[in-house]
Amino acid sequence: NAGVTQTPKFQVLKTGQSMTLQCAQDMNHEYMSWYRQDPGMGLRLIHYSVGAGITDQGEVPNGYNVSRSTTEDFPLRLLSAAPSQTSVYFCASSYSRTGGGGYTFGSGTRLTVV
Amino acid sequence: QQPVQSPQAVILREGEDAVINCSSSKALYSVHWYRQKHGEAPVFLMILLKGGEQKGHEKISASFNEKKQQSSLYLTASQLSYSGTYFCGTQLNSGGYQKVTFGTGTKLQVIP
């Protein structure tokens with residue numbers, strides 16, 4: 001099993017550009033989330049999904065969109081990139097509503113907006 | 001609301017013990033613990049559900065005091081491989097999907 005796969009691993013964007021960060025999992029997990037990690041701030045929840053077709057906002061959703069058309073895929077779209085979105089982005093998945101078994105994280109996407 | 005972790009950083013010599021604390025101002029359903037090595041993804045260590053249970057594997061264990069909304073991670077006889085940043089993640093005692101909110105992390109460095 002590949003687990004949670006994120007692409008790309010690195011990306012440089014110019015201010016105002018848009019892009020999609022890809023996330024795919026092959027564990028048939030219902031629950032998927034996107035986090036961003038910034039120095040000294042831990043992991044902050046951007047958006048999450050409880051199943052195909054169902055998404056909701058986390059703590060820091062502004063500037064990001066998500067959709068979940070299949071159980072496997074949960075892409076994160078940056079609408080108009082800003083320097084404040086420079087961060088490391090992690091996708092995570094879980095099989096349990098209550099988090100039992102923990103979250104499996106992807107290897108991350110390091111995004112720089114110039 | 002983000003849980004508070006302490007200490008922010010700690011340096012240990014091999015073989016020494018450490019305790020990392022995680023506290024919340026809200027009633028918790030569960031507490032997760034993760035370890036992240038530099039440049040890598042966080043890796044799940046364990047989850048503790050309300051009920052005050054203690055879990056762990058040999059030299060890494062944790063407890064959860066639901067009355068105080070606190071959890072502690074215990075690392076005994078530390079090894080060089082324990083180095084990394086430890087995060088607690090909390091889930092509130094509410095219905096529906098229970099989002100995990102992470103603390104800002106505790107950086108642990110084990111030196112020879």
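Above this text sits the structure in question.
The structure reproduced in this document is the subject of the present report. (Residues numbered from 1 in each chain as written. Chains lettered and ligands numbered in written order. Predicted model: local features only at pLDDT ≥ 70, side-chain atom pairs only at ≥ 80, totals over all residues. Heavy atoms only, no water.)

### Digging into the interface of chain B and chain A
As a reminder of what qualifies: Any pair of residues with heavy atoms lying within 4.5 Å of one another is described as a contacting pair. Buried area: the accessible area, evaluated with a 1.4 Å probe, that two parts lose upon being put together, summed over both parts. In protein, a polar contact means a hydrogen-donor-capable atom and an acceptor-capable atom, both N or O and within 3.5 Å, with residues adjacent in sequence counting only if both atoms are side-chain atoms; elsewhere, any N or O pair within 3.5 Å suffices. A run of H or I in DSSP counts as a helix once it spans at least four residues, and a run of E counts as a strand once it spans at least two, with each numbered from the N terminus. Under the scheme applied, nonpolar residues are Ala, Val, Leu, Ile, Met, Phe, Trp, Tyr, Cys and Pro; charged residues are Asp, Glu, Lys and Arg; polar residues are all the others, including Gly.
With 23 residues of chain B at the contact, the number on the chain A side is 24 residues. Carbon and sulfur atoms supply 59% of the area that chain B and chain A bury against each other, a total of about 1800 Å² over both sides. When the buried surface of chain B facing chain A is broken down by residue, Pro42, Tyr97 and Phe102 of chain B rank first, second and third, together holding 34% of it. Across the chain B-chain A interface, the total number found is 4 residue pairs in polar contact (both at pLDDT 80 or more). When residues in the side of chain B that touches chain A are grouped by element, the largest group, 5 residues, is from strand S4 (residues 28-36) of chain B. For the side of chain B that touches chain A, a count of residues per class yields 10 nonpolar, 11 polar and 2 charged.

### Observations concerning the environment of Phe10 of chain A
Within the fold, Phe10 of chain A resides in strand S2 (residues 10-13). Counting along the chain gives 75 residues from Phe10 of chain A to Gln85 of chain A, while the straight-line C-alpha distance between them is 14 Å.

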